[in-house]
Amino acid sequence: MHVRRDDTVVVIAGVKDKDKGKRGKIIKVFPKTQRVIVEGVNMRKKHLKPTNEMRQAGIIDIEGSLHISNVQLYCPKCRRGVRTGHKIGSDGKKVRFCRKCGETFGGE
């Protein structure tokens, strides 16, 4: 997978056109189904009953999942979503890098 938890990503496509172009941090990654949950993107309404843990009932907003192909890693140097590549860093670990400017994003 080209993105991981806590990465900042840009939505390039999705269920709702209003989310296209939004930027957010990945909260959770589901490798088996190739989906991610991005903070503040693809918001859904959920109706909840009161329980012991949560006394207040009502309608809350939660993030829905997006397919991994609909997000791109955000490059702070390029200031946009970019394609990434992999290479071996100086310490021998595999790192991701921006295909546009060469900026590295950290080890895997």
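Residues numbered from 1 in each chain as written. Predicted model: local features only at pLDDT ≥ 70, side-chain atom pairs only at ≥ 80, totals over all residues. Heavy atoms only, no water.

### Section: the overall build of the protein chain
Inference 1: Across its full length, the protein chain holds 0 helices and 11 strands.
Inference 2: For the protein chain, the α and β elements follow one another from N to C terminus as β-β-β-β-β-β-β-β-β-β-β.
Inference 3: Radius of gyration (C-alpha) of the protein chain: 17 Å, far over the 13 Å computed for a compact globule of 108 residues.
Inference 4: Once the C-alpha set of the protein chain is aligned to its principal axes, its extents read approximately 55 × 30 × 25 Å.
Inference 5: The proportion of buried residues among the 108 residues of the protein chain is 27%.
Inference 6: For the protein chain, long-range pairs separated by at least 24 residues make up 39% of all intrachain contacts whose partners lie at least 6 apart in sequence.
Inference 7: In the form shown here, the protein chain has an accessible surface area of approximately 7,500 Å², with 47% of it arising from carbon and sulfur atoms. (Helix = DSSP H or I, 4+ residues; strand = E, 2+ residues; numbered from the N terminus. Rg over C-alpha atoms; globule rule 2.2 N^0.38 Å. Buried < 20%, exposed > 50% of the residue type's maximum accessible area, 1.4 Å probe, protein only. Contact = heavy atoms within 4.5 Å. Areas by Shrake-Rupley, 256 points an atom, 1.4 Å probe, with all protein chains shown as cover.)

### Remarks on the nonpolar core
Inference 1: Core analysis: the largest hydrophobic core is formed by 11 residues, namely Val3, Val9, Val11, Ile26, Val36, Val38, Val41, Leu66, Ile68, Val71 and Leu73.
Inference 2: Secondary-structure elements contributing two or more residues to this core are strand S1 (8-11), strand S3 (35-38) and strand S7 (71-75).
Inference 3: If we skip the residues at most four places from it in the chain, valine 9 touches Val3, Lys22, Arg23, Gly24, Ile26, Val38, Val71, Gln72, Leu73 and Tyr74. (Core = buried A, V, L, I, M, F, W, Y, C linked by side-chain atoms within 4.5 Å.)

### Brief notes about the pairing of S1
Inference 1: Relative to strand S2 (residues 23-30), S1 runs antiparallel, the two being bridged by 3 bridges. The partner of threonine 8 across the bridge, within S2, is lysine 25.
Inference 2: Across 3 bridges, the pairing between S1 and S7 is antiparallel. By the bridge assignment for S7, valine 9 is matched with leucine 73. (Pairing = 2+ DSSP bridges.)

### Focus on the sheet that holds S2
Inference 1: Across the sheet, which stays open at both edges, the 6 strands sit in the order S6-S3-S2-S1-S7-S8 with antiparallel pairing between neighbours. The sheet is open, and its two edges are formed by strand S6 (65-67) and strand S8 (80-82), each paired on a single side. For this sheet, the mean inter-axis angle between neighbouring strands, taken without regard to orientation, is 55°.
Inference 2: Pairing of S2 with S3, which is carried by 4 bridges, proceeds in the antiparallel orientation. Counted as the bridge partner of phenylalanine 30 is arginine 35 from S3. (Axes fitted to C-alpha atoms, helices over the stretch in contact; angles between N-to-C directions.)

Nothing here speaks to function; it is all geometry.
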